[in-house]
Amino acid sequence: MTDPKLLTYLEGFISPERKNRFLEILEKRTKFVTVAIEDVFQFHNTSAIIRSCEVFGIQEAHVIENRFGKRLDKNIAMGAQQWVDVHRYDVSKDCLASLKEDGYQIIATTPHIDSCLLENFQISTKLALFFGTEKEGLSNEVVQAADGFLKIPMVGFTESLNVSVSAAILLQVLTEKLRKSKFSWQLTEKEKLEKRLDWTKKSIKSVEEILKRYHS
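Please read all numbers here as calculations on a predicted model, not as lab measurements.

Rules used in this analysis
Starting from 1, residues in each chain are numbered consecutively following that chain's sequence as written. Two thresholds apply to this predicted model, a pLDDT of at least 70 for residue-level local features and 80 or more for giving and counting side-chain atom pairs, whereas whole-chain, interface and lining totals are computed over all residues. Working from all heavy atoms in the structure, the side-chain values ignore hydrogens and water. Only runs of H or I of at least four residues qualify as helices and only runs of E of at least two qualify as strands under DSSP, and these elements are numbered from the N terminus. Partly exposed residues are those whose accessible area sits between 20% and 50% of the maximum for their type, while under 20% is buried and over 50% is exposed, using a 1.4 Å probe and protein chains only. Two N or O atoms count as a polar contact when they lie within 3.5 Å, although within protein this holds only if one can serve as hydrogen donor and the other as acceptor, and sequence-adjacent residues are included solely when both atoms are side-chain atoms. Note on contacts: a residue pair qualifies if any of its non-hydrogen atoms lie within 4.5 Å across the two residues. The term salt bridge refers to a side-chain nitrogen of Lys or Arg lying within 4 Å of a carboxyl oxygen of Asp or Glu. In this description, a line fitted to the C-alpha atoms serves as the axis of each element, helices being fitted only across the stretch in contact, and the angle between N-to-C directions of two axes falls anywhere from 0 to 180 degrees. By the definition adopted for this analysis, an angle is roughly parallel if under 35 degrees, roughly antiparallel if over 145, roughly perpendicular if from 65 to 115, and oblique otherwise. With the far helix as reference, a near helix turned anticlockwise by less than a right angle produces a left-handed crossing, and one turned clockwise produces a right-handed crossing. Ten residue types, Ala, Val, Leu, Ile, Met, Phe, Trp, Tyr, Cys and Pro, are classed as nonpolar, four, Asp, Glu, Lys and Arg, as charged, and the remainder, Gly among them, as polar. Stacked, edge-to-face and tilted labels apply to pairs of Phe, Tyr and Trp rings (six-membered ring for Trp) whose centres lie within 6.5 Å, assigned for plane angles under 30 degrees, over 60, and everything in between, in that order. Any Lys NZ or Arg CZ found within 6 Å of a ring centre and within 35 degrees of that ring's normal is scored as a charge over the ring. Patch rule: a residue counts if its relative accessible area is over 30% and it has no salt bridge; like charges are joined within 9 Å, and nonpolar side chains (Val, Leu, Ile, Met, Phe, Trp, Tyr) within 5 Å. Surface exposure here means Shrake-Rupley accessible area, sampled with a 1.4 Å probe, where a residue is shielded only by the protein chains that are shown.

J.: Please explain the side chain of Glu 60 as it appears in this structure.
T.: Its location among the elements puts Glu 60 in strand β2 (residues 60-64). Given a relative accessible area of 13%, Glu 60 falls into the buried group. Here His 87 takes part through its side chain, which lies 3.3 Å from a polar atom of the side chain of Glu 60. With sequence-adjacent residues up to four places away left out, Glu 60 is seen in contact with Lys 31, Thr 34, Val 35, Val 84, Asp 85, His 87 and Tyr 104.

As structure tokens, this is what we get:
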């Protein structure tokens, strides 16, 4: 449980402008839409997707690292991983089970299946967008578990976009739709407090020493 007194104490170590920026950003943050990245090979693609999550207000991302190991490059993400909660999984099965348990609709993003076009897609519940590796796309396991399929309409000779570009386009459109909807898409007050405390801690140098003094 977040300690409001600790939050107030720590906010004394950051500028009022930074505190207000946190408050402003948290009003537009959501967990209603999340992203899952399955075995994306290129460091920069995974990191760029996390960056897009941060830019478009997605608070959580899920990274499946079955084949290629850790796929986040802090230089490409430009610090976005500090502000987005990244959950890591060794296998797709665990990620799928966790998201389904939390009530997410699994949406596989692929141009190769009879997918719903982005312009026609309607948000009906919490959704998790799955993005696959650059060449092969999503695994059969994810495709079989998916509740729906989504693609970006294309009119050129090339039949696919870079995975990080696809993620940015989808997130921009879907978050715009979400914010115009009647869903309760914002973080709860408890979640906002938790993130304020987390982000404030990350903004303070020598925060561990300051916490020791507070608790002593």
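J.: Would you take a moment to explain the pattern of salt bridges for this structure?
T.: Should the charged atoms of two oppositely charged side chains come close, the side chains can pair. Summed over the entire model, instances satisfying the criterion amount to 15 salt bridges. We note a salt bridge from Lys 202 to Asp 198, for which the minimum N-O separation is 3.3 Å. With Lys 202 and Asp 198 both in helix α9 (residues 189-202) and four residues apart, the pair spans about one turn of that helix. Its relative accessible area of 38% is what places Lys 202 among the partly exposed residues.

J.: Can you walk me through the packing of helix α2 (residues 16-26) against α9 in this structure?
T.: Each pair of packed helices can be described by the angle between their axes along with the distance between the axes. The geometry of α2 relative to α9 is characterised by a closest axis approach of 10 Å and an angle of 140° between their N-to-C directions. Classified by the interaxial angle, the pair formed by α2 and α9 is oblique. Between α2 and α9 lies a crossing whose hand is right-handed. Judged by residue contacts, Lys 19, Phe 22, Leu 23, Ile 25 and Leu 26 of α2 engage Lys 192, Lys 195, Arg 196, Trp 199 and Thr 200 from α9. Partitioned by chemical class, the residues of the contact of α2 with α9 number five nonpolar, one polar and four charged.

J.: So what exactly am I meant to see when it comes to the environment of Pro 153 here?
T.: Looking at the secondary structure, you find Pro 153 in the loop between β7 (148-151) and α8 (163-179). Those residues within four positions of Pro 153 in sequence are excluded, and the remaining contacts are Leu 117, Leu 118 and Glu 119.

J.: Would you mind showing me how to read the packing of aromatic side chains here?
T.: Taken as a whole and judged by the stated rule, the model has six aromatic pairs. An angle of 50° between the planes, with centres 6.0 Å apart, marks the rings of Phe 22 and Trp 83 as tilted. Of the two residues, Phe 22 sits in helix α2 while Trp 83 sits in helix α5 (residues 80-83), which places them 61 residues apart along the sequence. With a relative accessible area of 17%, Trp 83 lands in the buried category. Ring centres 5.0 Å apart and planes at 40° place the aromatic pair Phe 32 and Phe 183 in the tilted group. A residue pair is termed long-range when its members are at least 10 positions apart, and Phe 32 in the loop between α2 and β1 (33-38) and Phe 183 in the loop between α8 and α9 qualify at 151 residues. Ring pairing ties together the aromatic residues Tyr 9, Phe 13 and Tyr 214, which thus form one cluster. One residue, Lys 126, lies across the ring of Tyr 104, its end atom 4.3 Å from the ring centre.

J.: Would you take a moment to explain a nonpolar patch on the surface for this structure?
T.: On the surface, Met 154, Leu 161, Val 165 and Ile 169 cluster together to form a nonpolar patch covering roughly 270 Å² of accessible area. Summarising the element assignment, Ile 169 is placed in helix α8. The class of Ile 169 is partly exposed, set by a relative accessible area of 32%.

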